[in-house]
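Remarks on the overall topology
Here are the chains, one letter per residue:
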Amino acid sequence: MGISVIRSLRFFSATLLFCLAFVSTASTETKPDHFRLPSVQHTPGGVAIIDLGEADAATPTATFNDIPVAVVKTNHGYRALVGIPLSAKPGWHTLKIQYTDGASALHEFEIESKDYPEQHITIQNKRQVNPNETDMVRIRKDRTSIANAKRYRHKTTLGLRFDVPAEGIQSSSFGSRRFFNKQARNPHGGMDIAAPEGTPIYAPADGYVIEAADYFFSGKCIFLGHGQGLQTFYAHMSKIDVQPGETVKRGQKIGEVGATGRVTGAHLHWSVGLNRTWVDPELFLLE
Ligand SMILES: [Zn+2]
């Protein structure tokens, strides 16, 4: 069968924003709102939602930059949820779709530019900005562990929308271009919630503990999987209450806010990941 190419405008996908996604394995304790699709934003750090067709056919698979993306069943058919990397260039991008009958399709969608502000941070511990050789050994090990955690995905969708995981002051600094002690570093891949040390952190949806670790930059941290490669990440914690392999329920305490790793004060760094890329957590928050 030939490959068809579909082009859609972002406004088309945006109309799907309020669709309910019905998932057969939904927890009875989780409200349907937690299965509402995330908000659409066709920019670096945003989420694209692509229509994959009828719901009565077998579940198709889709890849973006050769990485499998989340595919969820809604009452209007299958939808692919595509995390757009902060490094993505504005312009047309392609989602590759594979149907179970052997047919395939290419769906092109447009990514618009977004200007994220600069953020300048002063870190007292200079080794956290310019690590020494011993630190670098640990950092390389951390990077492997992080890459492995981000690769993890399980099939069952446990949630698509999140509660705020901790009480505190939310920053909207996702995507900001960061300078530590005047040196350019990676953009900010999450939302910071300022709160005193010891503030409880709760699972924002049902999930699975992929990894619990202590990294050079992130400090004590947890990766939760919510199905189909949708993940949440919690960093700089003072205390971790869960272990890899455990399942967690929405609202369950998973740890406490702290100031471990590279920080200027106690806060929760919270990231949301899709197809191994960090996207804006605000697109997933339940109001
Ligand atoms: Zn942060």
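Structure shown above.
These notes cover the structure that comes with them. (Residues numbered from 1 in each chain as written. Predicted model: local features only at pLDDT ≥ 70, side-chain atom pairs only at ≥ 80, totals over all residues. Heavy atoms only, no water.)

1. A word on the overall build of the chain
As a reminder of what qualifies: Each helix is a run of H or I in the DSSP string that is no shorter than four residues. Each strand is a run of E no shorter than two, and both are numbered from the N terminus. Note on exposure labels: buried denotes an accessible area under 20% of the residue type's maximum, exposed denotes more than 50%, and partly exposed covers the range between, all computed with a 1.4 Å probe on protein chains only. Working rule for contacts: check all heavy atoms of both residues, and any pair within 4.5 Å makes them a contact.
Assigned secondary structure in the chain consists of two helices and 21 strands. Expressed as a percentage of its 287 residues, the buried residues of the chain come to 51%. Residue pairs in contact within the chain that sit at least 24 positions apart in sequence constitute 68% of those at least 6 positions apart.

2. Side note on the side chain of Thr232
What counts is decided by this rule: N or O atoms closer than or at 3.5 Å make up a polar contact, with two conditions inside protein: a donor-capable atom paired with an acceptor-capable one, and, for residues adjacent in sequence, both atoms drawn from side chains.
Note that Thr232 resides in strand 17 (residues 231-240). On the accessibility criterion, Thr232 (0% relative accessible area) is buried. At a separation of 2.8 Å, a polar atom in the side chain of Thr232 contacts the side chain of His226. Leaving out residues up to four positions away in the same chain, Thr232 has contacts with Phe162, Ile222, Phe223, Leu224, His226, Trp270, Ser271 and Val272.

3. Quick look at the sheet that holds strand 11 (residues 177-180)
Rule in force here: Paired strands, in this sense, are two strands between which DSSP finds at least two bridges.
The strand order across the open sheet formed by three strands is 9-11-12, and the pairing between neighbours is mixed. Here the strands that pair on one side only, and so sit at the sheet edges, are strand 9 (118-121) and strand 12 (183-184). Judged from the two bridges that link them, strand 11 and strand 12 form a sheet pairing that is antiparallel. Within the sheet, the bridge partner assigned to Phe179 lies in strand 12 and is Ala184.

4. Observations concerning the environment of Phe35
Following the sequence through the fold, Phe35 ends up in the loop between helix 1 (10-14) and strand 2 (47-53). Separated by 127 residues in the primary sequence, Phe35 and Phe162 have C-alpha atoms spaced 9.3 Å apart.

5. Comments concerning the environment of Glu118
Within the fold, Glu118 resides in strand 9. For Glu118, a relative accessible area of 44% gives the class partly exposed. Between the C-alpha atoms of Glu118 and His188, which are 70 residues apart in sequence, the distance is 10.0 Å. In contact with Glu118, other than residues within four places in its own chain, are Arg177 and Phe179. Of the polar contacts made by the side chain of Glu118, one reaches the side chain of His120; its length is 3.0 Å.

6. So, the nonpolar core
Where we set the bar: By convention a nonpolar core is built from buried Ala, Val, Leu, Ile, Met, Phe, Trp, Tyr and Cys residues, the set being connected through side-chain atoms within 4.5 Å. Source of the domain bounds: an automatic or database domain assignment.
In terms of nonpolar packing, the biggest core is built from 34 residues, with Tyr234, Ile254 and Phe284 touching the most fellow members. Broken down by secondary-structure element, the contributors of at least two residues to this core are strand 2, strand 5 (70-74), strand 13 (191-194), strand 16 (219-225), strand 17, strand 19 (253-257) and strand 20 (267-274). Here this core takes four residues from strand 20, the largest share from any one element. Two domains each provide a minimum of three residues to this core, namely domain 1 (4-111) and domain 2 (118-284). Aside from chain neighbours lying at most four places away, what touches Tyr234 is Pro165, Ile201, Pro204, Lys220, Cys221, Ile222, Leu224, Ile254, Leu268, His269 and Trp270.

7. Section: the sheet that holds strand 2
What counts, and what does not: Convention adopted: a line fitted to C-alpha atoms gives each axis, helices being fitted over their contacting stretch, and angles between N-to-C directions are expressed from 0 to 180 degrees.
Read from one edge to the other, the open sheet built from three strands follows the order 2-6-5, with strand pairing classed as antiparallel. This sheet does not close on itself; its edge strands, each paired only once, are strand 2 and strand 5. Averaged over all adjacent pairs, the angle separating strand axes in this sheet is 30°, with direction ignored. Summarising the sheet, strand 5 and strand 6 (residues 77-83) pair through five bridges and their orientation is antiparallel. Note that in strand 6 the partner of Thr74 across the bridge is Gly77.

8. Notes on the pairing of strand 11
Consecutive side chains of a regular strand alternate in pointing toward one face of the sheet and then the other. Across four bridges, the pairing between strand 9 and strand 11 is parallel. Pairing of Gln119 across the sheet is with Arg178, part of strand 11. In this structure, the hairpin formed by strand 11 and strand 12 is closed by a connection of two residues, where Asn181 is found at a positive phi of approximately 45°.

9. What to know about the environment of Tyr116
Following the sequence through the fold, Tyr116 ends up in the loop between strand 8 (104-111) and strand 9. Along the chain, Tyr116 and Phe174 lie 58 residues apart, while their C-alpha atoms are 8.3 Å from each other. When near neighbours in sequence (up to four residues on either side) are disregarded, Tyr116 contacts Gln41, Thr43, Pro44, Gly45, Leu86, Phe174, Gly175, Ser176 and Arg177.

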